[in-house]
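# Descriptive analysis of the structure
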Amino acid sequence: MPGFLRAIAPTPFVTVQDRGRQGWRRFGVSASGAMDPDQLALANVLVGNPPGEAGLEFAFAAGVWEVGAGQCRIAVSGGAFAVAVDGVPVPAFATVTLRRGQSLTIGAAPDAVWGYLAVAGGFVLPDQLGSLSTHARSGIGGFAGRSLRAGDELELAAERAGGRGERRIVPPPPPAGPIAVVLGPQLDRFTEAAVETLLGTEYRIDRHSDRMAYRLAGATLAHRGGHDIVSDGTMPGSIQVPGNGMPLVLMRDCQTTGGYPKIATAVTADLPRLAQLRPEAALRFRAVTVEEAQRLRAHRMAALQRLLRSIPHRSATCVPVAFRPEPADRPESAERAADRPGLAAPSGG
Amino acid sequence: MSPAPDLRPEPLAGPPAGRAPPAWGASAATAERPSPAAGDGPRSRPIGNPAPPRFRPLILPVGDTALTVDFGDAIDPLRNRAVLALEQSLAAAELPGILETVPSYRALMIVYDPAEIGFGPLAEQVRARLDRLEGRALAPRRRWVVPVAYDPPFGLDLDELSQALGLPAEAILSRHATPAYSVYMVGFAPGFTYLGGLDPALAVPRRASPRPIVPAGSVMIGGQQAAIVSVPIPTGWYVIGRTPMRAFDPDRADPFMFRPGDRVRFRPVRPAEFARLAALPADELRILAREDAACQDF
């Protein structure tokens, strides 16, 4: 009998996410994907998956889950979420092997919004348009194109998982400081004062924020020549300013095109950090050049690779049924990473 | 340059009995082409001409992984054709580092991998192609004839639109079913198809109160645009009919029916034919609507 993970009392926004779908924007399909892709990669590599394997993403907490059959090795990342197995606390950023009938409860984290639950071997789900990511608004991907509900059962791709040696890391603290943005593309649709305000004042994350967009509360930004533009392409990170002058940052589930002027774009390197800001949290922006933004991105990717390589990489202890090879994603062997600076000491095994 | 080609659509299968036939070659066809040089020909035709001003698009960063080539903040067929010509030119070049392109009314967004190509070098590549854009032929356009049922209950807002425009429903129907539309872009939602070429007499501000949901297949008018709805959405546009065609069907081999640059005409059908077509398998229905698949007569 195949193993499965059953939702007993899930929170409202648990969805299957991987790194998103690419190549379908021209047909109006949002890329979707993990709000904090680095954290998804971390949970995956902990359980021995390729970094881009699909996992469960949740907001604030994941609720109660149960292993209905088989067993599975799991890891939770994203923040210091209160994880418990049959009521016994276990650490986040660590693997734990769940056996049949055991319950997994994931409660709140003080320091994060988006958390990730990875299972060794991944889930048995059909990909849609090249990805398992859920875009609930259009009913694409994931588990029936929607967030998980009580009673849903996710089939596990690995026949058995776990066994020797659990793994654990202590993730480095996320960087602090203002969120970097590249100004434009519709800079000409804003007054100079609007740009100064965006870069010089504090904003707060509004409670009405979701995977599609984070609304910001703070000083209004004045348009030049009206607030309607002929629709053009948008990206996660695009900072749109609608008629009320209050900026909103488009996130992973954003529409592919939009008709509001975009004053700036939050850079790739800082978008996960922005995503993890809790409602009412304060933030500031700073402007960087495209070239600087691309350097930040390269640094962040290199730092992630170092972190992933620090995770002991053993021979697989699970037998994948539906193996999806992603050779480019496979972390390098742990030997090379053994002495790297800045790594948390792996404690397991 | 060659004179403007005759854009008038061939007669369709015909409107429902008792309704006036569409006025062929009405203002809609010319509305889409402000200049005779627009050359909206049946097949490959060069874009750009001495008559319209040459576009000097701006190349602007969209963060660190995308840029936009902006042809100007306006909806017109020349801009849109320039956008599509640039996209095709880039696709043919197969430049390393370009991950995907997103054409819209007036701009081409290029998503790229900065580890493979930087903003500056990519902008240079784009500029080089912009210089050679004039005279570049567009790929052959695919042509669709889309059946639409306008009768109740499909034309949800036909009466309301009739009052707003001061036009009888029959006139709206015939003016809507007359022009050959161009797919300007697909966006907003998967497969949501924006059409240019609406008869200016049908231009109308959005409804005062948006509908919380309209079904997939809804055929709508809003502002100076027409659209085909692909998934259930909320909208303030006027729903004047419904097609059994599925613009987006994730389980079909080719999930998206319409691509930017396609030509679309509407064929009025009765509810009975709507029901018959709606019962067909998605792939069969799709083939039937390809005008160039010799299925003019359904």
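Parameters at a glance
Residues numbered from 1 in each chain as written. Chains lettered and ligands numbered in written order. Predicted model: local features only at pLDDT ≥ 70, side-chain atom pairs only at ≥ 80, totals over all residues. Heavy atoms only, no water. Helix = DSSP H or I, 4+ residues; strand = E, 2+ residues; numbered from the N terminus. Buried < 20%, exposed > 50% of the residue type's maximum accessible area, 1.4 Å probe, protein only. Contact = heavy atoms within 4.5 Å. Areas by Shrake-Rupley, 256 points an atom, 1.4 Å probe, with all protein chains shown as cover. Buried area = accessible area lost by both parts, 1.4 Å probe. Salt bridge = Lys/Arg side-chain N within 4 Å of Asp/Glu carboxyl O. Pairing = 2+ DSSP bridges. Phe/Tyr/Trp six-rings, centres within 6.5 Å; stacked < 30°, edge-to-face > 60°. Axes fitted to C-alpha atoms, helices over the stretch in contact; angles between N-to-C directions. Core = buried A, V, L, I, M, F, W, Y, C linked by side-chain atoms within 4.5 Å. Domains from an automatic or database assignment.

### Overview of the overall build of chain B
In terms of helices and strands, chain B carries 7 helices and 13 strands. Among the 298 residues that make up chain B, the fraction classed as buried is 58%. Within chain B, counting contacts between residues at least 6 apart in sequence, those at least 24 apart form 69% of the total. Looking at chain B as shown, the accessible area adds up to about 11600 Å², and 56% of this sits on carbon and sulfur atoms.

### What about the interface of chain B and chain A?
At the junction of the two partners, chain B supplies 44 residues and chain A supplies 38 residues. Carbon and sulfur atoms supply 60% of the area buried between chain B and chain A, which totals about 3200 Å² over both sides. Sorting the residues of chain B by area buried against chain A places Asp64(B), Glu100(B) and Phe256(B) first, and these three jointly supply 18% of that buried surface. At the junction of chain B and chain A, the tally comes to 5 salt bridges. Asp113(B) serves as the salt-bridge partner of Arg297(A), at 3.7 Å between the closest nitrogen and oxygen.

### A look at the pairing of strand β6 (residues 181-186) of chain B
All names here are of chain B. With 6 of 6 residues buried, β6 is to be regarded as a mostly interior element. Across 2 bridges, β6 lies against strand β13 (residues 263-269) in antiparallel orientation. Within β13, the residue paired with Tyr181 across the bridge is Val264. When β6 meets strand β7 (residues 193-196), the two strands line up antiparallel, connected through 4 bridges. When the sheet's bridge partners are listed, Val186 is paired in β7 with Thr193. Between β6 and β7, which pair antiparallel in sequence order, lie 6 residues; one of them, Phe188, sits at a positive phi of approximately 75°.

### Regarding the packing of aromatic side chains
All names here are of chain B. Tallying each qualifying case throughout the model produces 15 aromatic pairs over all chains. Pairing Phe248 with Phe256 gives two aromatic rings, centres 4.9 Å apart and planes at 15°, and the pair type is stacked. Given the relative accessible area of 8%, Phe248 is considered buried. Of the residues examined, Phe256 reaches a relative accessible area of 1% and is grouped as buried. Put simply, the rings of Tyr105, Tyr184, Phe188, Phe192, Tyr194 and Trp237 touch in pairs and so form one group of aromatic residues.

### Digging into the sheet that holds strand β17 (residues 248-250) of chain A
Residues and elements named next belong to chain A. If you walk across this open sheet you meet the 8 strands as β20-β13-β14-β17-β16-β19-β12-β21, and the pairing is mixed. The open sheet has two free edges, formed respectively by β20 (282-283) and β21 (285-287), since each of these has just one partner strand. When strand β13 (residues 203-205) meets β20, the two strands line up antiparallel, connected through 2 bridges. Its bridge partner being in β20, Tyr203 is matched across the sheet by Leu283.

### Notes on the sheet that holds strand β7 (residues 88-90) of chain A
All names here are of chain A. Spatial ordering of the open sheet is given by β7-β6-β9-β4-β1-β11, a layout of 6 strands whose pairing is antiparallel. Bordering the open sheet on either side are β7 and β11 (153-155), each of which pairs with just one other strand. The sheet shows a mean angle of 30° between the axes of neighbouring strands, direction not considered.

### Remarks on the environment of Leu296(A)
Residue position: Leu296(A) is located in helix α4 (residues 290-309). Leu296(A) has contacts with Ala180(A), Val267(A), Ala269(A) and Arg286(A), leaving out every residue within four places of it along the chain.

### Quick look at the nonpolar core
Ranked by size, the top nonpolar core spans 78 residues in total, and within it Leu56(A), Trp65(A), Tyr214(A), Ile263(A) and Phe285(A) carry the most contacts. There are two domains that each give this core at least three residues, and those are domain 1 (4-169 + 310-337) and domain 2 (179-298) of chain A. One finds Val29(A), Leu129(A), Ala169(B) and Ile240(B) within the second-largest nonpolar core, a separate group that totals 55 residues.

### Topic: the pattern of salt bridges
Any two side chains of opposite charge can pair if their charged atoms end up close together. All names here are of chain B. Evaluated as defined, the whole model comprises 32 salt bridges over all chains. Where Glu124 meets Arg127, a salt bridge forms, and the shortest distance between an N and an O atom there is 2.6 Å. Here the residue Glu124 and the residue Arg127 both occupy positions in helix α3 (residues 119-131), the gap between them amounting to 3 residues, near one helical turn. For Asp157, the salt bridge is made with Arg211, and the minimal N-O distance between the two is 2.5 Å.

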